[in-house]
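# Overview (structure and organization)
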Amino acid sequence: MDEKFLTGVLLGMVGGALIVTNSVKARQMVKDGQKQVQEKISELGKEKKSKTQE
């Protein structure tokens, strides 16, 4: 059972990577998601710095 699960996970990862590399829309979605995460992290960092300075 575990071997089948791991095989499915690996195939899904490879399939997803192939889709993202060949699809402009999917690639743009990944870039947008990364940008949102980076912005949120920087916002949290700024909030933490302002609280420690008070």
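Below you will find a few notes about this structure. (Residues numbered from 1 in each chain as written. Predicted model: local features only at pLDDT ≥ 70, side-chain atom pairs only at ≥ 80, totals over all residues. Heavy atoms only, no water.)

## Some thoughts on the overall build of the protein
The helix and strand tally for the protein stands at 2 helices and 0 strands. For the protein, the C-alpha radius of gyration of 18 Å lies well beyond 10 Å, the compact-globule estimate for 54 residues. Carbon and sulfur atoms make up 63% of the accessible area of the protein, which totals about 5400 Å². Mean positive and mean negative side-chain charge positions of the protein (10 and 7 charges, respectively) differ by 6 Å. (Helix = DSSP H or I, 4+ residues; strand = E, 2+ residues; numbered from the N terminus. Rg over C-alpha atoms; globule rule 2.2 N^0.38 Å. Areas by Shrake-Rupley, 256 points an atom, 1.4 Å probe, with all protein chains shown as cover. Lys, Arg positive; Asp, Glu negative; His and termini not counted. Charge placed at Lys NZ, Arg CZ, Asp CG, Glu CD.)

## Concerning the environment of Lys4
Mapped onto the secondary structure, Lys4 falls in helix α1 (residues 2–22). It is 50 Å that separates the C-alpha atoms of Lys4 and Ser50, two residues lying 46 residues apart in sequence.

## Examining α1
Spanning 21 residues, α1 covers 30 Å between terminal C-alpha atoms, matching the ideal 30 Å at 1.5 Å per step. Burial of α1 is sparse: only 0 of the 21 residues sit out of reach of the surface. (Expected span 1.5 Å × (residues − 1). Buried < 20%, exposed > 50% of the residue type's maximum accessible area, 1.4 Å probe, protein only.)

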